[in-house]
Amino acid sequence: ADDSGAFEEANQARPPQAFRAIGATYEAIGIFDRAAYYYEEYAKRAPNAPDALGALESAAAFRFGLDETALAISDIEQIVKTHARSSPKRVAQVVLALASHHAKRKDWERTRKVLSTHRNLFDAAPIDLQLRAHALLARAGARRADEYAWVRASYRAEQLDAQFDRSEIAREFLADMVFGVNAQR
């Protein structure tokens, strides 16, 4: 017998926090697809709850781990839509993680698109996230043989490095990201 209707009816009666608790239980026992589902449901039912962003971050991470990329991207789109104004730094970190995911798979067009589409998030982000985003954009531009995008992103990364007070960490990071791209071109 198909009891999916009864299951959905029981879910409708649950308070939103129950979905968070059920997701945490599934996470604790290692059933990550169900944990992701319940975290997503929690975030849908209580999008402004203090821990809704964390629930969606966990769901996206599980979806990536389960190779359910389309669902992970959907979670990230929901994060951007719902939380970009209230938590811009965390949302910028999530978007950078998505761009890095595409870069690891050598999908440079998607990497570029993610970073370009959400450029405004990085403009307001801490300097380290700005550096990482622009360096990754430079790398994507170099791989696409798009000289203009590469030069623009490299120049922006160098400007950010100057703002970063030429610290040793920034110099090493910039050298690795930008000059590493030069060596690979």
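Rules used throughout
- Residues numbered from 1 in each chain as written.
- Predicted model: local features only at pLDDT ≥ 70, side-chain atom pairs only at ≥ 80, totals over all residues.
- Heavy atoms only, no water.
- Phe/Tyr/Trp six-rings, centres within 6.5 Å; stacked < 30°, edge-to-face > 60°.
- Helix = DSSP H or I, 4+ residues; strand = E, 2+ residues; numbered from the N terminus.
- Buried < 20%, exposed > 50% of the residue type's maximum accessible area, 1.4 Å probe, protein only.
- Salt bridge = Lys/Arg side-chain N within 4 Å of Asp/Glu carboxyl O.
- Polar contact = N/O pair within 3.5 Å; in protein donor to acceptor, adjacent residues only side chain to side chain.
- Contact = heavy atoms within 4.5 Å.

**What about the packing of aromatic side chains?**
Reasoning step 1: Counted under the stated rule, the structure contains 5 aromatic pairs.
Reasoning step 2: A centroid spacing of 4.9 Å and a plane angle of 35° characterise the contact between phenylalanine 32 and phenylalanine 62, whose relative ring orientation is tilted. On the criterion of sequence distance, the pair formed by phenylalanine 32 in helix α3 (residues 32-45) and phenylalanine 62 in helix α4 (residues 52-65) is long-range, its members being 30 residues apart.
Reasoning step 3: The exposure class of phenylalanine 32 is partly exposed, given its relative accessible area of 33%.
Reasoning step 4: Between the aromatic rings of tyrosine 37 and tyrosine 38, the centroid separation amounts to 4.9 Å while the plane-to-plane angle is 85°, which identifies the pairing as edge-to-face. For the residue pair tyrosine 37 and tyrosine 38, the accessibility class agrees, reading buried in each case.

**Topic: the pattern of salt bridges**
Reasoning step 1: Counting across every chain of the model gives 8 salt bridges.
Reasoning step 2: Glutamate 40 is paired through a salt bridge with arginine 63; the nearest N and O atoms lie 2.8 Å apart. Of this pair, glutamate 40 sits in helix α3 while arginine 63 sits in helix α4; the two residues are 23 residues apart in sequence, bridging distant segments of the chain. Residue glutamate 40 shares its accessibility class with arginine 63, and that shared class is buried.
Reasoning step 3: Ionic pairing is found between arginine 90 and glutamate 57, a salt bridge with its closest N-O pair at 2.5 Å. With arginine 90 in helix α6 (residues 88-104) and glutamate 57 in helix α4, the pair connects residues that are 33 residues apart, well separated along the chain.
Reasoning step 4: With a relative accessible area of 33%, arginine 90 lands in the partly exposed category.
Reasoning step 5: The class for glutamate 57 is partly exposed, based on a relative accessible area of 23%.
Reasoning step 6: Among the charged side chains, a salt-bridge network with shared partners connects Glu40, Arg63 and Glu68.

**Quick word on the side chain of arginine 20**
Reasoning step 1: Position of arginine 20 relative to the elements: it lies in helix α2 (residues 16-28).
Reasoning step 2: A distance of 3.3 Å separates a polar atom in the side chain of arginine 20 from a polar atom in the side chain of aspartate 51.
Reasoning step 3: Leaving out residues up to four positions away in the same chain, arginine 20 has contacts with Tyr39, Tyr42, Asp51 and Ala55.

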